[in-house]
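Topology and contacts: notes
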Amino acid sequence: MLQQGEFDFSSGFNIDASDNILLNQATERFVQRLALQTGVDIADTPQQTLRITVTDARQSNIPVVQMNEQYQLRISQHEIELDATTEIGVLRGLETLLQLEKNGKAPALQLYDAPRFSWRGVLLDPARRFLPFPTLLRQLDIMAAVKLNVLHLHLTDDQGWRFESKRFPRLHQLGGKQGYYTQQQLRQLVQYAAERGIRVVPEIDLPGHTTALGIAYPELMSQPGPKQPEKHWGVHPAVLDPTNEAVYDFLTELITEVTTVFPDPYLHIGGDEVLSEHWLGSAHIVKFMQQHQLADATALHAYFNQRLHSILQQAGRTMMGWDEITQGSLPKSVLVQSWRGVESLHQAAAEGYDTVLSTGYYLDQPQFAAFHYRNDPAPANLPQPDLSAPAHWSAWHFDFERLRGSAITGKLALLGLTDGTVHALMEFDGRSPAFVQQPVLNADKLSFRIDSWMGPLTADFTLGETLQGKLIVGNAPYQVNGSAIALQQRADKKLPVAAPVPYTYDTDGSTTQHILGGEMALWGELVTPDNIDIRLWPNGFAVAERLWSAQDVTDEDSMYQRLGWLNERLNHFSLQNIRQQQQGYTALAGEHSQALATVSEAFEPAHYYHRLHQKSATGIYHQDAPLNLLADFLPAEQSAVRQFEQRLQLWLEQRQAVDKQWLNEQLAKWQTAANGLLATNVATLKPYNSLMQQLVALSQSGQLMLNSIEQQKPLLKTKRDSIALQLEQAATIQHEIIIALHRPLQKLLEHTPHSHIWVKAGTFSGAVEGPAVDTAGNLYAVNFATAGTVGKVSADGSASRYITLAPGSTGNGIVFDENGAMYIADYTGHNILRYHNGTLDTFSHNKTMNQPNDLAIMQNGTLFASDPNWADNSGKLWRISRNGQSELMRADMGTTNGIAVSPDQQFLYVNESVQRTVWRFRILPDNSLADKTLFARFSEYGLDGMRTDSQGNLFIARYGKGVVAKLDKNGNLLQEYRLNNALPTNVALSRDEKTLYVTIQQCGCIERIAL
């Protein structure tokens, strides 16, 4: 709680704390960092005091598993009181003080703080690529700064052995040729971590991931293996022989030795990705399985884990491992770390295992920080859509190929509810189904977002008998293909995708108590000492906050503000991601490094495992592949692009000149820097010339689109098509890079108008409607200047009042018959009016009509009229014969609005504005209607007037969205035409169908689109 006043650190202060080695070290580091932050030498003065109180000083120098980290801060003008139960709480409170400091001062406040989860960790992987000892120490400094409390060291794998074993020295002598840590170094690491309130958990990966072990002691392996540690990444067949008693003797001695170095009660044994081919391909192992009634390799793995568990127990350690260790009947004391997903985590927790989540926190897979932030080990129970009343559903199988690994397959179900809302379910094979977020159905086009184990997914699909489209994983696309399981099924038909089961926890917390927290993982394939900070931070800050803060702290924009601020501040401390980027740019560009840094603001590394998959496909998926590409020095996401997106959205909403100027200057800056690099002769930059050329073109296109929107002038079709191709190329992976600028520019293109203002604002009233074109090419619309009129616009755009309706009449839709007679829907007078040869009369009157809205006319002169009731979201459909007789055709529809007849006179299209549906009726020879069929559905914005062209395409005014949608005769969306205004009411085609006219509500103007 904030209070009045502030504490001025720059005036100096004294520290009142008990004489405790840990506290003395902590306060000394605090003063040093404070001086570094403020740029002021902090004096020891009696006038101000930092008073530290610990109520339960710890007995051990090593942090315990359930360490008490809570603290209280009270800051007033001359005193800071920091109270904590343990020294660990003091450490956390001092970090908060450093975060609160701004311009040498901290605001007066009272604060109680404690972590939500007790396990908040980082996994580092020096086994694959060795990390020097000072690098580990520096990471501990950064971890402490963001209140993380577990360092998980993955010390062994196929590629290396990094633990010095005095009992089995060949392990590090042969497996650690790239480097290893001495036991003295590791003890120092444990102590350094403990001083910062961090535990160190070692991982010795068993029984798989053991190529390096097998080189040193091949007699322990199931089959002979390589003579050198693996250089290639991936999962390899090397595996210990679980039938060999010597293996367990070896492990007993090894684990005893490990425990003398690492005092933490947990020892991680890996246990994941154990390939069975060496087991099942060895006769003596198969015989052993038969003798011991072990049905398969999973059972044999469980047998090994049980033996290993006993060894750990004897050594006084608790087993920790990945998901796979739950496949056997291990005691519930085992701690499960989940890489398979939240479902696996919760299943293990429900079974009574303590659990830690890593899925969604794999920072070696670049992702948006917001994705990590949303990834909650124990998410809140979000409201689920009510599926008790689906009107219909459709479903599809889909798959997409990856460059490495098997194809991803699954099912998608689209559900239309009786209230007009649309929901979608996605189920990847082997995973639980989930509702997608933000589903947008646009006729046959479906877009949505959903978080998955791969990262955040963004889908853009075209649906029908087939499913086609793109699925963006993180920031890079996969091509998705599929086929329909069933289309437009009634609600009583069984859905082929199960409804998701929401996360529910028992009220006594017996399940949630087993979810200890989370651990970010930084696997080493793409990590070196020269880029580790780029890979790990600042996105790791988002994970740290997610694991510390309350469940309801979810504002992503606020998180990004703190992330950027903390990243800048800690780069003056131990963090080196900015420095590592600069060094990388200098290595690539020499004296042109600043220009490369500027253009790189628009680039991102391909997210997820796209980079590794590309390396695998090109034969460089191994340890010797150099990590000196531009992609190796790019952050997971670019704050400059995010800022550009935010500023663009602000300009689109408010149209302030200062925002457009900023956007133009930013584009010009990128363009200038890219042109400058293209003019150099730096050989190491030549591979990226194409990216630079694209950035130049994109920057120019961005400026062109900004001007088009501001000036309300459409781009030429050729230019628009050219920009669309530029954006499509920028969105693809090139040199393991995505041009991230394509995202805001795609949005800019979507807002760039196809139309121009043909009849200026205010010419018609804000209720302008009903455009129709006569044989001479003149356009007519209702409510010229005032209500109750019809205006005429000649081909040159000049407008005048054409007729004035009788008092009490207000026009809406207009159509002409083949004799030139004009028919006007009079929605206030319950009439259909006719104007012909200078005479205005009431062609049809029916007092039971609520408000005749729009009209459609057949070649034989038969009229159809929509008749909405906006008050109760219902509507009717009328037919008016050539003699003016009206007949109710449908009384049970939604808010009927736009209406049109197909050019072959076979079909009538009627839309329901509120329900956002378009229905198609077959017109029978007697002009009656049959075979009501759902033609198209939309999930957002309203539907207004419609017209068809001679090819059978249907044009629909999308009220609120500011576009006209063009559908083919099968209901497929062909194109959306962007308007300058958001509220189109109706459309009309010129006689030659080369021009589309659109009436616009509120502005009282008419826009024109060249088709």
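Predicted model, so just to flag it, every value in this text is computed and none were measured.

Along the protein chain, the regular secondary structure elements total 23 helices and 51 strands. Within the protein chain, the proportion of its 1011 residues that are buried is 59%. When contacts within the protein chain are restricted to residue pairs at least 6 apart in sequence, long-range pairs at least 24 apart make up 62% of them. Per element, the accessible surface of the protein chain, about 39300 Å² overall, is 49% carbon and sulfur. Each charge sign in the protein chain was given a centre, from 82 positive and 105 negative side chains, and these centres are 5 Å apart.

Looking now at the packing of helix H22 (residues 717–730) against helix H23 (residues 742–751). Running from amino to carboxyl end, H22 crosses H23 at an angle of 155°, the nearest separation of the two axes being 10 Å. Relative to H23, the element H22 is oriented roughly antiparallel. Relative to H23, the crossing made by H22 is left-handed. For the pair formed by H22 and H23, the contact residues are Arg720, Ile723, Ala724, Leu727 and Ala730 on the first element and His742, Leu745, Gln746 and Leu749 on the second.

So, on to the pairing of strand E24 (residues 476–490). On any regular strand, side chains alternate: one points to one face of the sheet, the next to the other face. With eight bridges connecting them, strand E23 (residues 466–473) and E24 associate as antiparallel partners. Along E24, the bridge assignment pairs Ile472 with Pro477. What sits between E23 and E24 in their antiparallel hairpin is a turn of two residues, with Gly474 showing a positive phi close to 70°.

So, on to the pairing of strand E38 (residues 863–869). Of all the seven residues making up E38, six are buried; the element is thus mostly covered by neighbouring parts of the structure. Two elements, strand E37 (residues 855–857) and E38, share three bridges in a ladder whose sense is antiparallel. Looking at the pairing, Ile857 lines up with Leu863 of E38. If you look at the hairpin formed by E37 and E38, you'll find five residues sitting between the two strands, and Gly861 has a positive phi there, around 95°. Alignment of E38 against strand E39 (residues 874–880), held across seven bridges, turns out to be antiparallel. By the bridge assignment, Phe864 is partnered in E39 with Arg879.

Here we take up the sheet that holds strand E50 (residues 995–1000). Strands sit in the order E28-E51-E50-E49 across an open sheet of four strands; the sheet is antiparallel. Both outer strands of the open sheet, strand E28 (755–759) and strand E49 (984–989), are each paired with one neighbouring strand and no more. Pairs of neighbouring strands in the sheet enclose a mean axial angle of 30°, with direction left out of account.

Here the structure, examined in full by the defined rule, presents 42 salt bridges. When the shortest N-O distance is used, the salt bridge between Arg74 and Glu81 registers 3.4 Å. For Glu81, a relative accessible area of 24% gives the class partly exposed. Its salt-bridge partner being Arg74, residue Asp83 comes within 2.4 Å of it at the nearest N-O pair.

Right, let's get into the UniProt feature "domain: SMP-30/Gluconolactonase/LRE-like region" (unreviewed entry) in the protein chain. Sequence positions flagged by UniProt for "domain: SMP-30/Gluconolactonase/LRE-like region" (unreviewed entry) are, in local numbering, residues 769–999. Structurally, residues 769–999 comprises 0% helix and 58% strand, and the distance from its first C-alpha atom to its last is 6 Å.

Attention now goes to the sheet that holds E37. Pairing between the strands of a sheet is mediated by backbone hydrogen bonds and can be parallel or antiparallel. One open sheet accounts for four strands, arranged E37-E38-E39-E40; its pairing is antiparallel. The open sheet is flanked by E37 and strand E40 (886–893), the only strands paired with a single partner. Here the strands of the sheet are splayed against their neighbours by 20° on average, with no regard to which way each runs.

Another point: the packing of aromatic side chains. Scanning the entire structure with this criterion turns up 31 aromatic pairs. Plain terms: the ring middles of Phe7 and Phe9 are 5.2 Å apart, the flat faces sit at 65° to each other, and that makes the pair edge-to-face. Its relative accessible area of 0% is what places Phe7 among the buried residues. Judged by its relative accessible area of 1%, Phe9 is buried. Summarising the aromatic geometry, the rings of Phe764 and Phe784 are spaced 5.2 Å apart at their centres and angled 90° between planes, so their arrangement reads as edge-to-face. With Phe764 in strand E29 (residues 764–773) and Phe784 in strand E30 (residues 779–784), this pair connects stretches of sequence that are 20 residues apart.

On to the environment of Phe133. Here Phe133 is to be found in helix H3 (residues 133–145). When its relative accessible area of 9% is taken as the criterion, Phe133 is described as buried. On a C-alpha basis, the gap between Phe133 and Tyr181 in space is 7.3 Å, while along the polypeptide they are 48 residues apart. Residue contacts for Phe133: discarding those within four places in its chain leaves Tyr181, Gln185, Gln188 and Leu189.

For helix H20 (residues 657–678), with 22 residues, the first-to-last C-alpha span of 31 Å sits near the 32 Å given by 1.5 Å per residue. If you check which residues of H20 are buried, you get Asp659, Lys660, Trp662, Leu663, Asn664, Gln666, Leu667, Trp670, Gln671, Ala673, Ala674 and Leu677.

Another aspect to go through is helix H18 (residues 610–617). The complete set of buried residues in H18 reads His610, Arg611, Leu612, His613 and Lys615. On its buried face, H18 is in contact with E23, E24 and strand E26 (603–605). Just past H18, the residue Gly619 takes up positive phi, approximately 80°.

With that out of the way, let us pick up the state of the cysteines. Each disulfide consists of one covalent bond between the sulfur atoms belonging to two cysteines. Taken as a whole, this structure holds one disulfide when the rule is applied. Disulfide pairing places Cys1003 opposite Cys1005 at an S-S distance of 2.0 Å. The disulfide joining Cys1003 to Cys1005 has a torsion of about -70° about its S-S bond and is therefore left-handed. Here Cys1003 matches Cys1005 in class, with each residue buried.

Below, the discussion takes up the packing of H20 against helix H21 (residues 689–711). For the pair H20 and H21, interaxial distance at closest approach is 8 Å and the crossing angle is 155°. Between H20 and H21, the angle is such that the two are roughly antiparallel. The two elements H20 and H21 meet at a crossing, and its hand is left-handed. Of H21, the residues touching H20 (which contributes Lys660, Leu663, Asn664, Leu667, Ala668, Trp670, Gln671, Ala674, Asn675, Leu677 and Leu678) are Asn689, Met692, Gln693, Leu695, Val696, Ser699, Gln700, Gly702, Gln703, Leu706, Asn707 and Glu710. When the residues that make up the contact of H20 with H21 are grouped by side-chain class, the tally is 11 nonpolar, 10 polar and two charged.

Turning our eyes to something else, we now look at the side chain of Thr211. Position of Thr211 among the secondary structure elements: in helix H6 (residues 211–216). Among the polar contacts listed, one links the side chain of Thr211 to the side chain of Asp158, at a separation of 2.6 Å.

Definitions and cut-offs
Residues numbered from 1 in each chain as written. Predicted model: local features only at pLDDT ≥ 70, side-chain atom pairs only at ≥ 80, totals over all residues. Heavy atoms only, no water. Helix = DSSP H or I, 4+ residues; strand = E, 2+ residues; numbered from the N terminus. Buried < 20%, exposed > 50% of the residue type's maximum accessible area, 1.4 Å probe, protein only. Contact = heavy atoms within 4.5 Å. Areas by Shrake-Rupley, 256 points an atom, 1.4 Å probe, with all protein chains shown as cover. Lys, Arg positive; Asp, Glu negative; His and termini not counted. Charge placed at Lys NZ, Arg CZ, Asp CG, Glu CD. Axes fitted to C-alpha atoms, helices over the stretch in contact; angles between N-to-C directions. Parallel < 35°, antiparallel > 145°, perpendicular 65-115°, else oblique. Left-handed = near helix turned anticlockwise from the far one by under 90°. Pairing = 2+ DSSP bridges. Salt bridge = Lys/Arg side-chain N within 4 Å of Asp/Glu carboxyl O. UniProt positions renumbered as here; feature names shortened; annotations may be inferred. Phe/Tyr/Trp six-rings, centres within 6.5 Å; stacked < 30°, edge-to-face > 60°. Expected span 1.5 Å × (residues − 1). Disulfide = S-S within 2.5 Å. Nonpolar A, V, L, I, M, F, W, Y, C, P; charged D, E, K, R; others polar. Polar contact = N/O pair within 3.5 Å; in protein donor to acceptor, adjacent residues only side chain to side chain.

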